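Architecture and fold: a report
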Amino acid sequence: MRTSRDGMAAVALLSVLTSWGVLVAPFVAQVQGQTIDSSQLQALWDMQTSWGRTFDQWDTGGDCNAADGISCNSQGMVTWLELNQLNLGGPLPDTIGDLVDLSHMLLDSNSITGTLPSTIGRLTALTWFSICCNSITGSIPDTITDMVGLRDV
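Residues numbered from 1 in each chain as written. Predicted model: local features only at pLDDT ≥ 70, side-chain atom pairs only at ≥ 80, totals over all residues. Heavy atoms only, no water.

**Notes on the overall build of the protein**
Across its full length, the protein carries 2 helices and 7 strands. Tracing the protein from N to C terminus, the helices and strands come up as α-α-β-β-β-β-β-β-β. Among the 153 residues that make up the protein, the fraction classed as buried is 43%. Of the contacts formed within the protein by residues at least 6 apart in sequence, a portion of 53% connects residues at least 24 apart. Carbon together with sulfur atoms contributes 54% to the accessible area of the protein, which is approximately 7,700 Å² in total. (Helix = DSSP H or I, 4+ residues; strand = E, 2+ residues; numbered from the N terminus. Buried < 20%, exposed > 50% of the residue type's maximum accessible area, 1.4 Å probe, protein only. Contact = heavy atoms within 4.5 Å. Areas by Shrake-Rupley, 256 points an atom, 1.4 Å probe, with all protein chains shown as cover.)

**Observations regarding unusual backbone geometry**
Despite not being glycine, Asn 87 has its phi angle at roughly 55°, a positive value. Considering the arrangement of structural elements, one finds Asn 87 in the loop between β2 (78–82) and β3 (89–91).

**Thoughts on the nonpolar core**
Core analysis: the largest hydrophobic core is formed by 30 residues, its most contacted members being Trp 51, Trp 58, Ile 70, Leu 81, Met 105, Leu 107 and Leu 123. When contributions to this core are tallied by element, the ones reaching two or more residues are α2 (38–51), β1 (70–72) and β2. Sort the elements by how many residues they give to this core and α2 lands first, with 5 residues. (Core = buried A, V, L, I, M, F, W, Y, C linked by side-chain atoms within 4.5 Å.)

**Points about the pattern of salt bridges**
Summed over all chains, the structure comprises 1 salt bridge. Among the ionic pairs, Asp 98 bridges to Arg 122, the shortest N-O distance being 2.7 Å. Of this pair, Asp 98 sits in the loop between β3 and β4 (104–106) while Arg 122 sits in the loop between β5 (111–114) and β6 (128–130), and the two are 24 residues apart along the sequence. On the basis of relative accessible area, Arg 122 is assigned to the partly exposed category, the value being 40%. (Salt bridge = Lys/Arg side-chain N within 4 Å of Asp/Glu carboxyl O.)

So this is what it looks like as structure tokens:
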């Protein structure tokens, strides 16, 4: 049985490793049985619609850490989005900026198109952003300078 002490130790270890530049993508602090916060659902629904793909648990507000490609904190806020190499096509929706607790967004090697929405600047907790090998066009929005926590792009 996991205790909150185990979770705190896991988060501390993840913090240290990422500050050293070590990516431990499969390792994410899990909150068993935490449901996705309703404020996060619209962004997740919009991504599914934009990309023409349905992910388990995203549309039901189910167990966040059992949901495909995401993890949440203890409040049910999405903190990790990892959807690499899934052949996702279409633009990032403007509501991506509603995932304000997101610290890692990894969308490599898909077919994501369009420009980065200006709302991406609201992701001030984002430290790791990787969207290589897609079909993003246009210039980088000025709001990216608002992403003060960003360390790895």
